[in-house]
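Overview (structure and organization)
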There are 4 protein chains.
Amino acid sequence: MTQKIAILGASGYTGAELVRIIATHPSFEIVALSAERKAGQQMADVFPHLRHLDLPPLVKLDEIDFANVDLVFAALPHGLSQALVRDLPEHVKVVDLGADFRLRDPAAYEKWYGAPHVAVELQKTAVYGLTEFYREDIKNARLVAGTGCNAATVQFALRPLIAADVIDLDDIICDLKNGISGAGRALKENMLFTERATDVQGYAHGGKHRHLGEFDQEFTEIAGRKVEIQFTPHLVPMSRGILATCYLKGNAETVYQTLVDAYKDEPFIIVLPYGQQPGTGHVAGSNYCHIGVSTDRISGRALVTCVLDNLCKGSSGQAVQNANLMLGLDESAGLTMAPVFP
Amino acid sequence: MTQKIAILGASGYTGAELVRIIATHPSFEIVALSAERKAGQQMADVFPHLRHLDLPPLVKLDEIDFANVDLVFAALPHGLSQALVRDLPEHVKVVDLGADFRLRDPAAYEKWYGAPHVAVELQKTAVYGLTEFYREDIKNARLVAGTGCNAATVQFALRPLIAADVIDLDDIICDLKNGISGAGRALKENMLFTERATDVQGYAHGGKHRHLGEFDQEFTEIAGRKVEIQFTPHLVPMSRGILATCYLKGNAETVYQTLVDAYKDEPFIIVLPYGQQPGTGHVAGSNYCHIGVSTDRISGRALVTCVLDNLCKGSSGQAVQNANLMLGLDESAGLTMAPVFP
Amino acid sequence: MTQKIAILGASGYTGAELVRIIATHPSFEIVALSAERKAGQQMADVFPHLRHLDLPPLVKLDEIDFANVDLVFAALPHGLSQALVRDLPEHVKVVDLGADFRLRDPAAYEKWYGAPHVAVELQKTAVYGLTEFYREDIKNARLVAGTGCNAATVQFALRPLIAADVIDLDDIICDLKNGISGAGRALKENMLFTERATDVQGYAHGGKHRHLGEFDQEFTEIAGRKVEIQFTPHLVPMSRGILATCYLKGNAETVYQTLVDAYKDEPFIIVLPYGQQPGTGHVAGSNYCHIGVSTDRISGRALVTCVLDNLCKGSSGQAVQNANLMLGLDESAGLTMAPVFP
Amino acid sequence: MTQKIAILGASGYTGAELVRIIATHPSFEIVALSAERKAGQQMADVFPHLRHLDLPPLVKLDEIDFANVDLVFAALPHGLSQALVRDLPEHVKVVDLGADFRLRDPAAYEKWYGAPHVAVELQKTAVYGLTEFYREDIKNARLVAGTGCNAATVQFALRPLIAADVIDLDDIICDLKNGISGAGRALKENMLFTERATDVQGYAHGGKHRHLGEFDQEFTEIAGRKVEIQFTPHLVPMSRGILATCYLKGNAETVYQTLVDAYKDEPFIIVLPYGQQPGTGHVAGSNYCHIGVSTDRISGRALVTCVLDNLCKGSSGQAVQNANLMLGLDESAGLTMAPVFP
């Protein structure tokens, strides 16, 4: 049975990535695409790479008749989903790709996002969208909150280790290398080609990145005690991909075995042979995540590296994976395309 | 019914691209992968981005039992396919991605490739693999010769125009911008990252590029008279994609209408609205080809631009499209994945 | 003797490039830097790569005391220089890097720039800034109008050939490959890293690019008859550099000898050995220009390729070269830094 | 007085970078260039970006008459300098850019480089070439051993902190992002453009990188006790530049003040305002090094980041700086060119 899909915020990169994935999804049909400022245009005007598809025109959000929609992907700027989702008809399932429903604690939301949450009741019903760890809840959810792309990458590396208590929880350092598409399509001087093409630079350092709110929430819950990680993302000159290099205190072989065991039945999470390192180019354009584990000459150190495509497994691929579960479909439907290399 | 597929030369980029495409093909199963120098390794060792697939190990060519094979993709260095294909069992269909069977005239082959053809009888049976123009012959062929990637790009721009006699056949200039993957995975100093990352440069200029043999053969046959084009490829710092900018003498609107009519029923060839220009980023990772037509302030000039992904529509995607036809399948099977952007 | 220099529009790329060059110039001292929207900031805030220099703060234009200035570089958006230069004290020499004074005919200016010129009398005194061809006039000029970067590249390839009447003037096709810095630092969606990093695309095709005004003016004057060229620039994923591929009708060896003779005494223009092609990476970061000439298998064709760094020889380097002449200095002062490769 | 310079190993990237720098050096004259496999060629054939220079041809090493040479830059593959330098005439000063003389302890050399040192007596006379910390010794040295490029970057970040005892010496983690030119011009499959253009990946992880030998030697000596750091370099898609992100335990403000004090008189080392982060694009093509310091939300953490151009300040620029000192020249001679951005 075909599921009727609406994508809100279709003129951004995660919106386009949703369309790309759904183009070959066996059970999804896109019935509505919204984009406030580009309403009236065709998707082909906004994203020429989608020109071959037969898609509805971009409309304003309030022009959509949700009676005809089974599931909404909300790929809106942070802060806009709360009121919107609150006002949708009850029958519509929602996967939110923004940050609005990621933090269960309204105080934490206000701390990291600078404004009170406007749909606190709805927040209570939202399920955190890290599929591999919230699978059963997602199946029964009406509202799933997609994770941050950095948050997904680091959690795939660390969750099983924190749960198994095999690393020092007070000394976790995660150094990330991020493709530029993570910044979205908004106009910022420092995202111009000329500014980024030959530069590598850290940003949001010092504990200021909003994804820390997700780490704190999740890791503290898993550990049953407060866990705060040190986290520094860096912009590198590539469009897609995140590499998280995690510096841990623990026995590397134990760490390795813990990850192997945790992911042995997962279709999209692959733990490499011990000692090998993944590259972002090995997962670009796909829903796969590769994890590597090494030791160091200094005893008691474990190096865990994790790569995924921020637009796909880190965002829109994850969203489709969750939607599949919410709609009772095969979790992998439409998501098994191989990475594009070179 | 599943078709048993062997890929010869699986350690090169076109080999890997075949595996990528076949990974989500509904009717193909890869039963053998050969790579002479890397025999004994797993595909995951050679191409980590294919690690999630369950693939046979790389073996030497003579280890393959072709009794169990329906169709072979030969992605071998130029010159190696001739003897090989000659010696395959008769029941095996062959799509050759190399240059060995592209030129019907053995003298032309020897001129452009510097050695006599060793399978002249077999050459007579080979069909030129530009799907959209040799579709019926391909359906009945045992051996299909994939086109050069430059040759495909320029022919999509020009064949209908030459056939319709709407451009000056004595003054055709094609300036190409080529992604680096067209050079393959061989070790060459001028293909190092450092040499190419900030450089644009022409190569094989002055009428020396081997794809000219294909142009001469095809365009002369279509026109019924000798046609020689001027053709200059350039290396630009991107991995995938070819943009052909074709400078023609003719009426741009007539040129446009001729192309629109020629391709109106083609699933993979898209003519843009008049006056728009395609970009290589609009087709990367896909089997689609976009064509644009503009006029110039100088009357009597038509500018035709054409983009495709050299590894996909220009090579491995074309090969799968041809294999689909040879095996009686839907021509588009496995080939409708959308381009990956950004 | 030290010359007092002011740079107007110092927050753009050509402004920064002027500062970079002047940093090691033996006779220039920067005494004022203007940037309307960033006034009050330090250059190090706007361009961290210039942090090691001791520079005046950015100010608004009307805060500069020109009594203390010998020469102004105006790197302003098109249209702003006219009134400004008109109102400067007479003793101040001016090199304008914008388009305001390039076209001698006010009607041509209005045609290409869409508004009447507001300093027509001043325009009459402006010298076109293609140093190698206007050297004597530049020495005596108060106002020099820097050329467009595309205009410079193509003119280096073609001027001697048009003057010597060795090519067909009615069939000149110039295909350009352009680094992204040519678009400046302004915020445009299609200049984001993600939009350009894996894309090649033509723009301003069909005879609409403003630099055509310069070509028409210069080539028609040299030839003594109307000359219109066909010109298509393309954006390629690199920050700096222009490669012009010029398709000409003429004897390639004659063309080659004409260029060799024309440039044999020029310090910055280098004609490569016959048959070799230049790359943009061979001149990046420098004031040098490399030219290559080849023939084609089709008789009567000459292929001339020309590379330069659009920000340096195509703009700010040219500007310093002209300023050197205007101030009675060695023309090459401060300009002999070697290209940066890789 | 002009100093006569020979460059051994001129066909590699550090060799070319030496020529680039010396091109505008006020006191150096290149009298000999060696390259074993490319002997007989001109530098313009091997590095077209140096075509404008009047250089001696490439010769084999044993063709050079060292009687006429004041100073040799040896940019040879690791292991080749030892015997060579041993056999040079005594009057020739030597700056070795390779690894042969970096490690004072022959046992350490053998451990990290896998073979015994063949010039142990000479090793005793070699001075470690980190200019800012060995300045006086370098002035009097005949043989200076250039540092590794990673080694230079990390030492600029850490040496003053270790000397001042303001960080935990048992928990130093350095995560590096490296431009591809660090791998040199040798042919390796994983250094092809196509392999690196869209990939980020760690290498030599787990304590296997040879530059660790330098860190151990230097940091242990400074601290007066054994110090071992954890160090992971990563290949990112840019040609030049290293960013070291150093995760330290210590008071960030103390760390900051220590670095400010240490470098306040250094011409090439710039400490940014507290809390700012440097980018590799801010130093590319130059001899400058930028250092940033931030704190973290976790108390007791200091984040120190350091960028330099691996080919210039990390190798050939450092070499020229040392040569200037050895020859009694101004230390900055020829080295004040501003970075090239964008």
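Remember, it's a predicted structure, so these values are computed and weren't measured experimentally. (Residues numbered from 1 in each chain as written. Chains lettered and ligands numbered in written order. Predicted model: local features only at pLDDT ≥ 70, side-chain atom pairs only at ≥ 80, totals over all residues. Heavy atoms only, no water.)

**Examining helix H6 (residues 131–139) of chain C**
Every α-helix winds through 3.6 residues per turn, so residues three or four apart in the chain are directed the same way. Among the residues of H6 of chain C, Thr131, Glu132, Tyr134, Arg135 and Ile138 of chain C are the ones counted as buried. Contact partners of the buried residues in H6 of chain C: strand E6 (127–128), strand E7 (143–145), helix H7 (149–163), helix H9 (211–223), strand E12 (269–271) and helix H11 (312–326) of chain C. (Buried < 20%, exposed > 50% of the residue type's maximum accessible area, 1.4 Å probe, protein only. Helix = DSSP H or I, 4+ residues; strand = E, 2+ residues; numbered from the N terminus. Contact = heavy atoms within 4.5 Å.)

**Some points on unusual backbone geometry**
With an omega of -5 degrees, the peptide bond running from Phe341 of chain B to Pro342 of chain B counts as cis. Tracing the sequence through the fold places Pro342 of chain B in the segment after helix H11 (312–326).

**Remarks on the interface of chain A and chain D**
Listed as interface residues are 48 residues of chain A and, on the opposing side, 48 residues of chain D. Summing both partners gives a buried area of about 4,100 Å² for chain A against chain D, and 51% of it is carried by carbon and sulfur. A per-residue breakdown of the area chain A buries against chain D is headed by Gln230, Tyr247 and Arg297 of chain A, which together make up 19% of the total. Connecting chain A to chain D are 10 salt bridges. Its salt-bridge partner being Asp216 of chain D, residue Arg297 of chain A comes within 2.7 Å of it at the nearest N-O pair. (Buried area = accessible area lost by both parts, 1.4 Å probe. Salt bridge = Lys/Arg side-chain N within 4 Å of Asp/Glu carboxyl O.)

**Quick notes on the interface of chain C and chain A**
Contact with chain C, which involves 19 residues of that partner, is made by 19 residues of chain A. Together chain C and chain A conceal approximately 1,700 Å² of surface at their shared face, both sides included; 60% is due to carbon and sulfur atoms. Three residues stand out in chain C for area buried against chain A, namely Leu187, Leu192 and Phe193 of chain C, and they jointly supply 39% of the buried area on that side. Our count for the contact surface shared by chain C and chain A stands at 6 salt bridges. Put simply, Arg185 of chain C and Glu189 of chain A hold a salt bridge, and the shortest N to O gap is 3.5 Å.

**A few points about the packing of helix H6 (residues 131–139) of chain B against helix H7 (residues 149–163) of chain B**
Residues and elements named next belong to chain B. Viewed as axis vectors pointing N to C, H6 and H7 meet at an angle of 80 degrees, and their least axial separation amounts to 12 Å. If you check the angle between H6 and H7, you find them roughly perpendicular. Residue-level contacts link Glu132, Phe133 and Tyr134 of H6 to Phe156, Arg159 and Pro160 of H7. A breakdown of the residues in the contact of H6 with H7 according to their chemical character gives 4 nonpolar, no polar and 2 charged. (Axes fitted to C-alpha atoms, helices over the stretch in contact; angles between N-to-C directions. Parallel < 35°, antiparallel > 145°, perpendicular 65-115°, else oblique. Nonpolar A, V, L, I, M, F, W, Y, C, P; charged D, E, K, R; others polar.)

**What about the UniProt feature "active site" (unreviewed entry) in chain A?**
All names here are of chain A. Those residues carrying the UniProt feature "active site" (unreviewed entry) are Cys149 in this numbering. Within the secondary structure, Cys149 sits in helix H7 (residues 149–163). Since its relative accessible area comes to 16%, Cys149 is described here as buried. Excluding residues that lie within four positions of it along the chain, Cys149 makes contacts with His211, Ile242, Leu308, Asn310 and Gly314. (UniProt positions renumbered as here; feature names shortened; annotations may be inferred.)

**What about the sheet that holds strand E3 (residues 58–59) of chain D?**
The strands making up a sheet are joined through hydrogen bonds of the backbone, oriented either antiparallel or parallel. Residues and elements named next belong to chain D. An order of E3-E2-E1-E4-E5-E7-E6 is seen for the 7 strands of this open sheet, with the pairing classed as parallel. In this open sheet, the two edge strands, each paired with only one partner strand, are E3 and strand E6 (127–128). Where strand E4 (residues 71–74) meets strand E5 (residues 93–96), 4 bridges bridge the pair, whose relative direction is parallel. By the bridge assignment for E5, Phe73 is matched with Val95. (Pairing = 2+ DSSP bridges.)

**Some points on the sheet that holds strand E13 (residues 289–295) of chain C**
Strands sit in the order E9-E10-E8-E11-E14-E13-E12 (chain C) across an open sheet of 7 strands; the sheet is mixed. Sheet topology places strand E9 (201–202) and E12 of chain C at the edges, where each strand pairs with a single neighbour.

**Considerations on the relation of the copies chain C and chain A**
Once turned by 180 degrees and shifted 0.0 Å along the axis, chain C lies on chain A with an RMSD of 0.0 Å. Viewed as a symmetry operation, the transformation between the two copies matches a two-fold axis. Most of the interface of chain C is mirrored in chain A, where 100% of its interface residues again form contacts. (Least-squares fit on C-alpha atoms with pLDDT ≥ 70 in both.)

**Notes on the domain arrangement of chain A**
Residue and element names in this part refer to chain A. Once the domains are mapped, chain A shows domain 1 (3–147 + 313–326) and domain 2 (150–309). For domain 1 versus domain 2, the separation of C-alpha centres amounts to 24 Å. Between domain 1 and domain 2, the residue contacts involve 26 residues of the former and 34 residues of the latter. Interface area, domain 1 with domain 2, both sides summed: about 2,400 Å², of which 50% is carbon and sulfur. In terms of surface lost to domain 2, no three residues of domain 1 exceed Tyr13, Trp112 and Lys313, which account for 30% of the buried area on that side. Arg240 is the salt-bridge partner of Glu17, the closest N and O atoms lying 2.6 Å from each other. Scanning the region where domain 1 abuts domain 2 turns up 16 residue pairs in polar contact (both at pLDDT 80 or more). (Domains from an automatic or database assignment. Polar contact = N/O pair within 3.5 Å; in protein donor to acceptor, adjacent residues only side chain to side chain.)

**Considerations on the relation of the copies chain A and chain D**
Rotating chain A by 180 degrees about the axis while translating it 0.0 Å along that axis superimposes it on chain D, leaving an RMSD of 0.0 Å. Here 100% of the interface residues in chain A have copies in chain D that are interface residues too; the copies meet face to matching face.

**A short note on the nonpolar core**
Membership of the largest hydrophobic core comes to 406 residues, with the highest contact counts inside it found for Phe73 of chain A, Phe73 of chain B, Phe73 of chain C together with Phe73 of chain D. Each residue touching Phe73 of chain B, except ones within four places of it in the same chain, is listed here: Ile5, Ala6, Ile7, Leu8, Leu18, Ile22, Phe28, Val95, Leu97, Ala319, Val320 and Ala323 of chain B. (Core = buried A, V, L, I, M, F, W, Y, C linked by side-chain atoms within 4.5 Å.)

**Describing the environment of Val95 of chain D**
Residue and element names in this part refer to chain D. Residue position: Val95 is located in strand E5. The exposure class of Val95 is buried, given its relative accessible area of 0%. Sequence-wise, Val95 and Phe193 are 98 residues apart; in three dimensions their C-alpha atoms are separated by 31 Å. If near-sequence neighbours (up to four positions away) are discounted, Val95 is found in contact with Leu71, Val72, Phe73, Ala74, Val144, Ala319, Ala323 and Met326.

**Things to note about the packing of aromatic side chains**
Each aromatic ring pair is specified by the distance between its two centres and by the angle formed by the two planes. All names here are of chain B. For the coordinates displayed, the defined rule picks out 46 aromatic pairs over all chains. Between Phe28 and Phe73, the ring centres sit 6.5 Å apart and the planes meet at 55 degrees, which makes this aromatic pair tilted. In this pair, Phe28 sits in strand E2 (residues 28–34) while Phe73 sits in strand E4 (residues 71–74), placing the two residues 45 residues apart along the sequence. Considered together, Phe28 and Phe73 belong to a single accessibility category, that of buried residues. (Phe/Tyr/Trp six-rings, centres within 6.5 Å; stacked < 30°, edge-to-face > 60°.)

**What to know about the packing of H7 of chain C against helix H10 (residues 252–263) of chain C**
Residues and elements named next belong to chain C. Contact pair H7 / H10: the axes reach a minimum separation of 9 Å and the direction vectors enclose 105 degrees. Considering their axes alone, H7 and H10 lie roughly perpendicular with respect to each other. From H7, Gln155, Phe156, Ala157, Pro160 and Leu161 reach across to H10, where they touch Val255, Thr258, Leu259, Ala262 and Tyr263. In terms of residue class, the contact of H7 with H10 is built from 8 nonpolar, 2 polar and no charged.

**Digging into the environment of Lys60 of chain B**
Residues and elements named next belong to chain B. Structurally, Lys60 is set in the loop between strand E3 (58–59) and E4. For the pair formed by Lys60 and Gly40, sequence separation is 20 residues and the distance between their alpha carbons is 8.2 Å. In this structure, Lys60 is in contact with Ser34, Glu36 and Ala39, ignoring residues within four places of it in sequence. In terms of polar contacts, Lys60 uses its side chain to reach the backbone carbonyl oxygen of Glu36, at 3.3 Å.

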